[in-house]
Amino acid sequence: MSRYLNASLQALEAYVPGEQPRDQRYIKLNTNESPYPPAPSVCSAIGEEDVALLRLYSDPTGKNLKEKLAGLYGVKPENVFLSNGSDEVLNFAFLAFGGKGAVFPDISYGFYSVFADLYGIDYTQIPLKEDFSLDYRDYCGQGKLVVIANPNAPTGLSIPVDAVEKMAASNPDNVVIIDEAYVDFGGETALPLIEKYDNLLVTRTFSKSRCLAGGRLGYAFGAPALIADLEKIKYSTNPYNLDRLTLQLGEATVDAEDYYRQMCVRIQETRAWTRDRLEQLGFQVLPSRTNFLFARTDRVDGGELYRMLKERGILVRHFANPRICQFNRITIGTPEDMATLIGVLKDILGGC
Ligand code: PMP
């Protein structure tokens, strides 16, 4: 830290992303990326002439991609915000709507508390129940920004849309953010509610179900006035937040919707297979609506299991938080990846 950093930022603890090893030695099940490539039409969407056009700025309005997303989801382009990954729209939303404080669960996406700290937002983390389920009543009438990942990470559990509706209805003077990064793997979307609740912001990403984590493309749906607030922040920080190539890949991705639906089905099938095998090995596995499983065993300490898997070439995600330190979060890879994981776990547990 330099002596020039603003005093207000000196104690900030930055978000720590999952390991991104540059070599290919690992079966990488630690950051919930897709094991499948983008659709063939997306892989061939960019040519030399597109790269040559990088001399020009990108479209700051993202008009074409907004129109395509609006068409796909049956909303208007004014209901759509585009961002550099969904982390960016979450960032903007904390800045825009966190003035009266924020509430979110104690076990959820670790970036929420970082954004709150960054902007000096007073926040409360409400404990999930013993079984990690969420009681929507804890978030009703809070009078603060409410932030819920649905399905949740790292637990993988989801809440029904009527619970979201109760939260939105009971917080009419505050924004309720529903982070739907994983919704395409079996969650229930709150999107239809944006018509009825002008305080509801639904955030999404191309990083998981759309196999484009490295493209950094996120989006959000909300009432036109909410979207305008986010645009104001974008135009006050980085108007060209999405580059030309990413916008183009995003459009090609929306055009290939059928491919991505098939990939989601594959991942759900592999998830069911993996869950069965883990349970046969004696793991407790939470019922997941995402592209990962959250699992623990009494036979090996969670942190130790993470290290043993890493030594054997498999990366999973372990969190030091005492409530969940016996668990590991395991991204669903290809069927072959998961068969390898199960084989390695059998070896490890056989020696315990
Ligand atoms: N929300 C949740 C719950 C996540 O797990 C992630 C991925 N780390 C994100 C948002 C952000 O993803 P991205 O910025 O790649 O869209």
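Residues numbered from 1 in each chain as written. Predicted model: local features only at pLDDT ≥ 70, side-chain atom pairs only at ≥ 80, totals over all residues. Heavy atoms only, no water.

Novice: How would you summarise the overall build of the chain if you had to cite specific residues and measurements?
Specialist: Helix and strand counts for the chain stand at 11 helices and 12 strands. Computed over the C-alpha atoms, the radius of gyration of the chain is 20 Å, within 12% of the 20 Å expected from 2.2 N^0.38 for a compact globule of 352 residues. Overall, the chain is about 60 × 50 × 50 Å in size when its C-alpha atoms are taken along their principal axes. Contacts in the chain between residues at least 24 apart in sequence constitute 72% of all its contacts with a sequence separation of at least 6. Carbon together with sulfur atoms contributes 51% to the accessible area of the chain, which is approximately 16000 Å² in total. (Helix = DSSP H or I, 4+ residues; strand = E, 2+ residues; numbered from the N terminus. Rg over C-alpha atoms; globule rule 2.2 N^0.38 Å. Contact = heavy atoms within 4.5 Å. Areas by Shrake-Rupley, 256 points an atom, 1.4 Å probe, with all protein chains shown as cover.)

Novice: An account of the pairing of strand S8 (residues 218–221) is needed here, citing residue identities and associated values.
Specialist: By the alternation rule, side chains of S8 split into Gly 218 and Ala 220 and Tyr 219 and Phe 221, which are all buried. Here strand S7 (residues 200–205) pairs with S8 via 4 bridges, running antiparallel. Looking at S8, one finds that Thr 205 is bridged to Gly 218. (Buried < 20%, exposed > 50% of the residue type's maximum accessible area, 1.4 Å probe, protein only. Pairing = 2+ DSSP bridges.)

Novice: Can you lay out the pattern of salt bridges for me, pointing to particular residues and giving the numbers?
Specialist: Applying the stated criterion across every chain, the model contains 17 salt bridges. Of the charged contacts, one joins Arg 323 and Asp 106 as a salt bridge, the two residues approaching to 2.9 Å between their closest N and O atoms. Taken together, the positions of Arg 323 in the loop between strand S11 (314–315) and strand S12 (327–331) and Asp 106 in the loop between strand S3 (102–105) and helix H5 (111–118) put the pair 217 residues apart, joining distant regions of the chain. Salt bridges linked by common partners bring Lys 66, Glu 231 and Lys 234 together as one network. (Salt bridge = Lys/Arg side-chain N within 4 Å of Asp/Glu carboxyl O.)

Novice: Which residues make up the site of the ligand, and what values do they have?
Specialist: Taken together, Gly 85, Ser 86, Asp 87, Leu 90, Tyr 109, Asp 179, Ala 181, Tyr 182, Thr 205, Ser 207, Lys 208 and Arg 216 make up the full set of residues near the ligand. Interatomic distance of 2.7 Å between a backbone N/O atom of Ser 86 and an oxygen atom of the ligand. Coverage of the ligand by the protein chains reaches 91% of its 400 Å² of free accessible surface. The dominant element in the shell around the ligand, judged by the number of residues it contributes, is helix H4 (residues 85–97), at 4 residues. The class makeup of the residues in the shell around the ligand is 4 nonpolar, 4 polar and 4 charged. (Near = heavy atom within 4 Å. Polar contact = N/O pair within 3.5 Å; in protein donor to acceptor, adjacent residues only side chain to side chain. Nonpolar A, V, L, I, M, F, W, Y, C, P; charged D, E, K, R; others polar.)

Novice: Tell me what's going on with the domain arrangement of the chain, and back it up with residues and numbers.
Specialist: It is common to give the size of an interface as the accessible area that goes away when the parts come together. We note that the domain assignment places domain 1 (7–37 + 258–350) and domain 2 (55–256) within the chain. Look at where the C-alpha atoms of domain 1 and domain 2 centre, and you get two points 24 Å apart. Across the boundary between the two partners, domain 1 contributes 32 residues, which contact 34 residues of domain 2. Buried area between domain 1 and domain 2, both sides added, is near 2600 Å², and the carbon and sulfur share of it is 65%. Inspection of the domain 1/domain 2 interface yields 1 salt bridge. Summed over the shared surface of domain 1 and domain 2, the result is 12 residue pairs in polar contact (both at pLDDT 80 or more). Elements supplying a minimum of two residues to the side of domain 1 that touches domain 2: helix H9 (257–280), strand S10 (292–296) and S12. Tallying contributions element by element places H9 first for the side of domain 1 that touches domain 2, with 7 residues. Here the residues of the side of domain 1 that touches domain 2 are counted per class, giving 17 nonpolar, 8 polar and 7 charged. (Domains from an automatic or database assignment. Buried area = accessible area lost by both parts, 1.4 Å probe.)

Novice: Please give an account of the nonpolar core that cites residues and values.
Specialist: Counting residues in each nonpolar core, the largest one holds 84 residues, and the members touching the most others are Leu 200, Leu 278, Phe 283 and Leu 309. For this core, the leading source of residues is helix H11 (residues 335–350), giving 7 residues. Here this core spans two domains, and each of domain 1 (7–37 + 258–350) and domain 2 (55–256) adds at least three residues to it. Once residues lying within four places of it in the same chain are set aside, the contact partners of Phe 283 are Leu 278, Ala 295, Arg 296, Thr 297, Leu 305, Leu 345 and Leu 349. Counting residues in each nonpolar core, the second largest holds 26 residues, with Phe 97, Phe 115, Leu 145 and Leu 230 among its members. (Core = buried A, V, L, I, M, F, W, Y, C linked by side-chain atoms within 4.5 Å.)

Novice: With reference to specific residues and values, describe the environment of Val 89.
Specialist: With respect to the helices and strands, the residue Val 89 is situated in helix H4. Judged by its relative accessible area of 0%, Val 89 is buried. Other than its neighbours up to four places away in sequence, Val 89 contacts Phe 81, Ser 83, Thr 203, Tyr 219, Ala 220 and Leu 230.

Novice: Now, about H4: what can you tell me, with residues and values included?
Specialist: Think of an α-helix as turning once every 3.6 residues; residues three or four places apart then point the same way. With 13 residues, H4 extends 19 Å between its outermost C-alpha atoms, agreeing within 8% with the 18 Å of an ideal straight helix rising 1.5 Å per residue. With 10 of 13 residues buried, H4 is to be regarded as a mostly interior element. (Expected span 1.5 Å × (residues − 1).)

Novice: Provide a residue-level description of the side chain of Asp 135, including the pertinent values.
Specialist: The residue Asp 135 is located in the loop between strand S4 (123–126) and strand S5 (145–149) in this model. At 2.9 Å, the side chain of Asp 135 and the side chain of Arg 137 are in polar contact.

Novice: Before we move on, can you summarise the sheet that holds S10 with the specific residues and values?
Specialist: A sheet is described by the order of its strands in space; here 3 strands give the open sequence S9-S10-S12, paired in antiparallel fashion. The sheet terminates laterally at strand S9 (284–285) and S12, the two strands that pair on one side only.

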